[in-house]
Each structure stands twice: as structure tokens, then as C-alpha cells.
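Observations on the three-dimensional arrangement
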Amino acid sequence: MKLKDVLQGLTVLEHTADLEMEITGVSYDSRTTQPGDLFVAISGEAVDGHKFVPMAAGKGAVCAVVERPVEGIPYVVVENSRRALALIGGNWFDHPAREMTMIGVTGTSGKTTSTYLIKSILEQKAGAKVGLVGTIQNMIGDKVLHTERTTPESFELHKLFREMSDAGCSHVVMEVSSHALALDRVYGIRFAVGIYTNLSRDHLDFHKTMEEYCDAKAILFRRCDIAIYNADDPWSARMLEGCPCRTFGYSVRGKADLMAKNVQLLPGSVEFDAEADTEWNHVRVGIPAEFTVYNTLDALACCWNLGVSLADCADALARNHGVKGRMEIIPTPGKNYTILNDYAHKPDALEKVLAAAREFATGRVVALFGCGGDRDRTKRPVMGEIAGRLADLAIVTSDNPRTEDPMAIIDEILAGMGPEANYVVEPDRVLAIHYAMDHAQPGDVIVLAGKGHEDYQEIHHQHFPMDERVIVAEHLKQ
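The text that follows walks through the structure, step by step, so that each part is easy to find. Think of each chain on its own: its residues are numbered from 1, step by step along the sequence as written. Local features are withheld for residues below a pLDDT of 70 in this predicted model, meaning they are given only at 70 or higher, and side-chain atom pairs are given and counted only at 80 or more; totals for whole chains, interfaces and linings count all residues. Side-chain numbers here rest on the full set of heavy atoms in the structure, without hydrogens or water.

A look at the sheet that holds strand β18 (residues 338-342)
Pairs of strands are assigned from DSSP output, requiring at least two bridges between the strands. A run of H or I in DSSP counts as a helix once it spans at least four residues, and a run of E counts as a strand once it spans at least two, with each numbered from the N terminus. The sheet built from six strands is open, its strands ordered β17-β18-β22-β19-β20-β21 with mixed pairing. Only two strands of the sheet have a single partner each, and these edge strands are β17 (328-330) and β21 (423-425). Pairs of neighbouring strands in the sheet enclose a mean axial angle of 20 degrees, with direction left out of account. Pairing between strand β20 (residues 393-396) and β21: three bridges, direction parallel. Bridge pairing in β21 places I395 opposite V424. In the packing of helix α16 (residues 468-477) onto the sheet, the strands contacted are β17, β18 and β22 (445-449), and the crossing angle to β17 comes to about 25 degrees. For every element, the axis is a line fit to its C-alpha atoms; helices are fit only across the contacting stretch, and the angle between N-to-C directions ranges from 0 to 180 degrees. Contact criterion: two residues are considered in contact whenever any of their non-hydrogen atoms come within 4.5 Å of each other.

Below is the structure:
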């Protein structure tokens, strides 16, 4: 592809490169640069990619996209190389996102469940083949792809979209993280539907303030045709400021475009009446907890606005069996207690999952949790306070300590525990799970919080295998 075609849509400030030159590949990591590549020097969170232009040139790059002039290689200067990479990705793969109906979901909690519910409805009732981009995995229809982070870097994202479109996908539903929005990984993509779930304390090591965090999320609403929002969430007003498109709210507690009435929280499921405009239908979803109602409203609002009736949505949802690591019940045959696995690794999510467990527990609520290392330290005592207040027993353990001392993390969690809190400490998460099972009482609900779909423990930059489903199953055999 000629350089001028790769750069289509970019504002070029100056260049020394021949715009007619042939480009055979694109890279933004000098370690993977190949001869004939266009190298995009992006300013990373920790490292400035301009420092690696000489290395990329040495590996055969024929041109560099930069934010300032460099030596030793023909270059193209742009104002923002991150945004340039996103636009280059679209050009390189011939804009696959334009060939599909794009649905983006942002918010602190509920993104994963919402995307899976939307995918399920569209595939069952709209005859769609749906690509999914998310925390747990990426999917092309039924084909599962491994994923490293919620939203891939922009160039990889367009490559994935091309695979999806070529495989016959008509729709894409994706989790759009605040990092992806702030770092322009989805820059240039137009979403048919943008969905906002909620906002609670998270990622403040990156965004610094809740207002900055909210404003990053709000970028999605500037790039969609219809903005679907949680009318019960206090941050929605800020999300909607200056929103240029049609908006559609949903609510459990008040009046909105879509409302949940007569909510019933049952062991293992939720039921409610969904009302939108002149249409209503009874809905049942086999995932316990009130926040499932909100996740379901996300999916209903999205699919209803894409032309699927509430009756068809409800029928599809009744057939859905939940999402791995999201209020997932781990089988414990022959035992009189329940083990619930959930990705809750943030204060708001932990509070919600423990409150949900309280709704159907006939015995104690036991919270087994930790906090990630090298991440926002301010949430550690907050999570300690929540577990100490809401759980009858808290088992404080490790959750991806990374480069930190696990006991140092635990000490910061314990600092938030109130004087009435009942807790034990076991830094080895496998032994902590064994302890919870060995000391379980009839009717207990044991919440394994924080790992969810993850099947590893990250320690000093290494991933050690650790699947909580396997740990439970093996301990039951013993």
C-alpha cells in the first residue's frame, strides 16, 4: 500500500518521506518491526516511542510517523501519533468497523455481562453473527480468541475487526475501557450504540480524579448514534453533558425510557417486568443479584433500539446461562454450602456482590478476597471496610500481588477493617480457599471475589496457573 493511502484522513504537519513509497507493514513496537514497515512512534504511559525510531530504522522500517522531526529515516510529523495509529489501522485493514453494526459498552461494572447478554439476544433473535471484544475473551461468533486486556491497541483492534467482518459478523459488541478511550485505542470508530452502565471508584492511579474518570468514559457518547445510560447512576448527568446524539435512559428506581417494574430477586435468578414505550414483557435471567437487573436493562435497551422486540429479548434471556466469573456458581455436589465466583476486585463491585449474596444466603456470607499489587492503593482499606461490614467472615488473601509484598497489601486492607470485623488472614490463595471450604457451615455462601474468569496468579511479572474452579473441584475430591 502506498504511504499516501496509509495516511488517508490524517493531518500531516510536515514530512520528508515520499508519499508514493510502498509500505509493506505497520508496527509501533520496534521489537516487532519488519523490513518495509511504517513505524509509528507513540508516546506511551511509561516510555516515549520516539526513542526507538533508530532501532526500528535498523530493522528495516522505511518511514516513521512521529510528533517531532527525527534523524536517520524519512518521517511524517503528525500532531498526535496515538490517534494517527488508530486511523492508520482503519486504512490498513480497509475500515472493517464500517462494515458492521458497532456496539460499545463502558462503565466501571457490568460491561462483561452486558456484552454477553447482547450477543446472546442478537444471535438468537436477529439472525446476527456477533463478534465480541471483552475482558474474558474475544469471540468471532462461537470461536474463542485469547485476550490480554479489555480493549486491544488500535491497530490490533482493526485487525480483529477485519477478521470478524471477513468471517461474516454483522455486529460487534465490545467493552470499551476508560483507558482505551483516554488513550485513543478506539479513535475514529463510530458506534451505532454506546452504553454507559455505572461509575464507581477505580483506575484512579491513571485518571487521578473521579471527574477525569467520568470524562474519559463520556468520550464514547461523543462517538455514537444513540447513547444508552443508567438513569439511576449519579454520574449519568455528567456523562450526558454536551452529548450530540439521541439518548435513551433505563431505570430500576424511577421513570425512564425503559423501566424494570415488580423486581423479584430469587436464589439463582432475577425476574421483572420490562416496560418501554407501549411495550412490556416479563423477563427472567438466571444470574442472581439486583445488578443483574441493570445489566439486563442494558441489553434490552440496546437490542430494542436495534429492532428486537421485548418479547424476543425476554425469550433469548430466559435461555442464557450466565457468564464465566460473573456471579458464577461453582459446583459443590453433596455439600450444603454455595461457592460463588465473581470478578469483583473493586470496592463498588465487592459491595454489590456481598449484598447480593446476603439476599439468598440462609447461613453466613463468607468473603474471600485480596487486592492487586502495583494498582490503586487507596481502594485497599475501602475494600477491607466493605468486607468487614458486609461479610460474617472475611478471609483476606492475595489477588495478583505482582511486584508487591502480599502481606504489605493485606496490611493495607486490614487497616480499613472495623473493630467488629470477623476475619482471618491467609496470603496463599489456594490455602485460603481450602480454609473457607473446610470451615463452611450449612447454608453458607462463600464468595470468591477478585479473580473471576482469570486462571492465574500474577507474581513478579509471571503468570502462575490458578483456576479457582479446579482448586474447588480438587479439594472436594480430597
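Remarks on a nonpolar patch on the surface
Taken together, the side chains of V47, F52 and M55 present a nonpolar region at the surface, about 240 Å² in accessible area. Overall, the relative accessible area of 30% leaves F52 in the partly exposed class. Only residues whose relative accessible area exceeds 30% and that form no salt bridge are eligible for patches; like-charged ones are grouped when within 9 Å, while nonpolar side chains (Val, Leu, Ile, Met, Phe, Trp, Tyr) are grouped when within 5 Å. We get accessible surface area from the Shrake-Rupley algorithm with a probe of 1.4 Å; when it comes to residues, only the shown protein chains can shield them. Salt bridge, as used here: a side-chain nitrogen of Lys or Arg that lies within 4 Å of a carboxyl oxygen of Asp or Glu. Burial here depends on accessible area, computed with a 1.4 Å probe over protein chains only, as a share of the maximum for the residue type. Under 20% is buried, over 50% is exposed, and the range in between is partly exposed.

What about the packing of aromatic side chains?
Classification of ring pairs uses Phe, Tyr and Trp, with its six-membered ring standing for Trp, and accepts pairs whose centres are within 6.5 Å; under 30 degrees between planes counts as stacked, over 60 as edge-to-face, and the remaining range as tilted. One pass over the full model with this rule turns up two aromatic pairs. Centre to centre, the rings of F93 and F155 are 5.1 Å apart; their planes meet at 55 degrees, and the pair counts as tilted. Separated by 62 residues along the polypeptide, F93 in the loop between α3 (81-92) and β6 (101-106) and F155 in helix α5 (residues 154-166) bring together distant segments of the chain. Both residues of the pair, F93 and F155, count as buried. Pairing F248 with W304 gives two aromatic rings, centres 5.8 Å apart and planes at 40 degrees, and the pair type is tilted.

Focus: the pattern of salt bridges
Going through the model one piece at a time under the given rule, you end up with 31 salt bridges. With a closest N to O distance of 3.4 Å, R389 and E351 form a salt bridge. Highlighted residues: R389 in helix α13 (residues 379-390) and E351 in helix α12 (residues 347-360), separated in sequence by 38 residues. What makes E351 partly exposed here is its relative accessible area of 32%. It is possible to trace a salt-bridge network through shared partners that takes in K2, K4, E20 and E22.

Overview of the nonpolar core
Proteins that are soluble and globular tend to have nonpolar side chains buried together. Buried Ala, Val, Leu, Ile, Met, Phe, Trp, Tyr and Cys residues form a nonpolar core when they are joined through side-chain atoms within 4.5 Å. Core analysis: the largest hydrophobic core is formed by 77 residues, its most contacted members being I118, L300 and F369. For this core, the element with the highest residue contribution is helix α10 (residues 290-305), accounting for nine residues. With residues near it in sequence (within four places) discarded, I118 still touches I103, V105, V173, I195, A299, C302 and C303. With 32 residues, the next largest nonpolar core counts V133, L199, Y213 and C224 among its residues.

What to know about the sheet that holds strand β2 (residues 25-27)
The strand order across the open sheet built from five strands is β1-β5-β4-β3-β2, with neighbouring strands paired in mixed fashion. Either end of the sheet is taken by a strand with one partner, and the two such strands are β1 (14-15) and β2. In the sheet, strand β3 (residues 37-40) pairs with strand β4 (residues 63-66) via three bridges, with the strands oriented parallel. Among the inter-strand pairings, V40 is bridged to a residue of β4, identified as V65.

Overview of α3
Helices are assigned an expected span. That span is 1.5 Å times one less than the residue count. Compared with the 16 Å implied by 1.5 Å per residue over 12 residues, the 16 Å span of α3 between its first and last C-alpha is a close match. For α3, the buried fraction is high: nine of the 12 residues fall into the buried class. Within α3, the full set of buried residues consists of S81, R82, A84, L85, A86, I88, G89, G90 and N91. In this structure, the buried residues of α3 make contact with α1 (3-6), β2, β3, β4 and α5. Two or three places before R82, at the opening of α3, N80 has a side-chain oxygen 3.0 Å from that residue's backbone nitrogen. Whenever two N or O atoms come within 3.5 Å, that pair is a polar contact, provided that in protein one can donate a hydrogen and the other can accept it, and provided that, for residues adjacent in sequence, both atoms are side-chain atoms.

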